[in-house]
Amino acid sequence: MLSETQLTLKPDLAVDYLFDAHSKYEYEAHIEKAVQYIKNFLDNTSFYSGASVEELRSRKRSIAVNAKENITLDDALHEIKDVFLDHAISFHHPHYVAHLNCPVLLPALVGDLIASSVNTAIETWDQSTSATLIEQEIIRWICNKMNFPTQSDGVFTSGGTQSNFKALLMARDHYAFTHYGINLKENGWSDEVSKFRIFCSDKAHFSIKKNAALLGMGYDSVIPIDTDDKLKMKTDALVQAIEKEKQKGNIPIAIVATAGTTDFGSFDPLETISKIAKEYKIWFHVDGAYGGCYVLTDTHKTQLKGIEYADSITIDFHKTLFQPVCSSAFLVRDTKHFQYVSYYADYLNPLESRDEEFPNLIEKSIQTTRRFDALKLWFTLKVTGETTLGSFQEKVHHLALDVYHNIKDDIYFEVAHQPELSTLVFRFKIPGIEDDKILDTTNLYIKNTLFKSGKASVASTKLNGKTYLKFTLLNPRSTKEDLFEVIRMIKEQGLNYTTNN
Ligand SMILES: *Cc1c(COP(=O)(O)O)cnc(C)c1O
């Protein structure tokens, strides 16, 4: 038995640092110390210290790991404060409006601590036991939200990129199998596959092209479809493109619609696209990495209409559901499609002892050892609840609209669109100056200067070859005033640059 008094003793044997029954008081002490440093991080006043790469590189000695020299936990925490915590980007800061990084919820952190400490690996039943059931419960919850049928299923993944990979892999293998009797999983490449074509809007996430390349089909297998003035896929252009590829002798196999594009938050017309996919008998994937979680809101019911007809869906809880990275899922309309990824290993899940009673989630995943990421979301749904989550999402959507209305008639700004989700793409402009090169440099200057000052982080992107700034709003604690302050800083920097150049 360990007593409280042992807490203060420094373990003299290395095994005392293992997480087990001997170290439970030490465990508590370790976590408590870490918590003090994390609390300090929350006291950082700006979103970033503004340190340059050179400044951070100069801390080489602290970053280096030296095999010969052990330091105490206190010293290590002190070093990590100096090299990391003092310079980490605070996604929870109201002036961080750059990328799809959300602030996280406390119940989710509790789930993550339990998942990391217990270290359950979601693979086979004998490694995961009831964690399997918890993951499946969360998958059932989100499938129901999507109005997916009872035979639908899903699995947690490392993120939207991996979920999109699985979607394209299933679409490819399913098409090859049902149309040509080709079993790509077992027999490998077939020449037919080089004619396979995938259609998505020109605003779809780059992971569609990247994954097509990883799957051996190449970037050119992805046909980009024009978008309208609301940045949504043009469905007549989609049909024309499918017909054109067929005429060329190519084989359309899938359409990827985006529910919330990364830059503009625009939703492709899911229902119409689902009908087109049905007509051509091809796979219909919805990339809802950004907008899929808006299924919890009242504001976005119309935009998500038609998602229930998808063959597969990508959804990222670490983008818009306030979960720590990673928390993401891939959903499929019919569980039998997981056959295209399943593998039966003698030492883990031999085929002959396959037993529905002991579900092995490894049969659905690309990863073998996989974190118990569903636990964070389980805590969040239990403690925070889906109504509150939905209201947070609506709040950040309305904030994007507030900023839009604030600058749309301002002579110093040009807005690219009216926000459909929680991003706003716009640029600083100088009345009387039409030269896009000058405006591009000015906007990049604004972004870089604000970042370096640690005052605000804004993203940039391109539209029709021109550089724009982007707000991605994910923090329900932010106020209109916080965001108008960032707008004021943008204008200030823009005018500074213009006067000095
Ligand atoms: C972010 C994003 C992805 C990629 O997701 P990760 O979790 O970063 O891998 C895919 N699609 C869309 C639309 C996204 O916004």
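Residues numbered from 1 in each chain as written. Predicted model: local features only at pLDDT ≥ 70, side-chain atom pairs only at ≥ 80, totals over all residues. Heavy atoms only, no water.

Worth spelling out the cut-off: UniProt positions are given in the numbering used here, feature names are shortened, and annotations may be inferred rather than shown by experiment.
Looking at an unreviewed UniProt entry, one finds the chain named Aspartate aminotransferase family protein and attributed to Aquimarina algiphila. UniProt annotates the chain under Sequence similarities (unreviewed entry) with the comment "Belongs to the group II decarboxylase family." The Cofactor (unreviewed entry) comment attached to the chain in UniProt states, word for word, "pyridoxal 5'-phosphate".

## Brief notes about the side chain of Lys 376
Selection criterion: Secondary structure is summarised from DSSP: a helix means a run of H or I of at least four residues, a strand means a run of E of at least two, and numbering begins at the N terminus for each. Buried residues are those whose accessible area, probed at 1.4 Å on protein chains only, stays under 20% of the maximum for their type, while exposed residues exceed 50% and partly exposed ones sit between those limits. We call two residues in contact when some of their heavy atoms are within 4.5 Å.
For Lys 376, the location among the structural elements is in helix H15 (residues 374-383). Of the residues examined, Lys 376 reaches a relative accessible area of 0% and is grouped as buried. Among residues more than four places away in sequence, those in contact with Lys 376 are Ala 108, Gly 111, Asp 112, Gln 323, Pro 324, Val 325, Cys 326, Ser 327 and Arg 371.

## Details of the layout of surface pockets
Applied cut-off: Definitions used for this entry: grid spacing 1 Å over protein atoms alone; cavity, a set of points where a 1.4 Å probe fits but cannot get out; pocket, an open set with protein on both sides within 12 Å along at least 5 of 7 lines; lining residue, one with an atom within 4 Å of a point. Grid points are joined across faces, edges and corners, and a volume is the space filled by probe spheres set on the points. Polar here means any residue other than Ala, Val, Leu, Ile, Met, Phe, Trp, Tyr, Cys and Pro, which are nonpolar, and Asp, Glu, Lys and Arg, which are charged; Gly is therefore polar.
Considered as a void within the structure, the largest pocket measures approximately 1600 Å³ in volume. Around the largest pocket, the lining comprises 43 residues; the ones closest to its centre are Ile 38, Phe 41, Leu 42, Val 104 and Leu 109. Here the lining of the largest pocket takes 8 residues from helix H1 (residues 24-42), the largest share from any one element. Partitioning the lining of the largest pocket into residue classes produces 29 nonpolar, 9 polar and 5 charged.

## Quick notes on the domain arrangement of the chain
Worth spelling out the cut-off: Residue ranges for the domains originate in an automatic or database domain assignment. For any pair of parts, buried area is found by adding up, for both, the accessible area (1.4 Å probe) each one loses once the two are put together. Any carboxyl oxygen of Asp or Glu within 4 Å of a side-chain nitrogen of Lys or Arg constitutes a salt bridge here. In protein, a polar contact requires one atom able to donate a hydrogen and another able to accept it; more generally it is a pair of N or O atoms within 3.5 Å, and residues adjacent in sequence count only if both atoms are side-chain atoms.
Here the domain parsing of the chain yields domain 1 (13-87), domain 2 (119-383) and domain 3 (387-500). Across the contact, 26 residues belong to domain 2 and 20 residues belong to domain 3. Taken together, both faces of the contact between domain 2 and domain 3 bury some 1900 Å²; the carbon and sulfur share is 60%. Run the count over domain 2 and domain 3 and you get 2 salt bridges. The residue Lys 232 makes a salt bridge to Glu 420 at a minimum N-O spacing of 2.6 Å. At the junction of domain 2 and domain 3, the tally comes to 14 residue pairs in polar contact (both at pLDDT 80 or more). Elements with a minimum of two residues in the side of domain 2 that touches domain 3: helix H14 (317-320) and H15.

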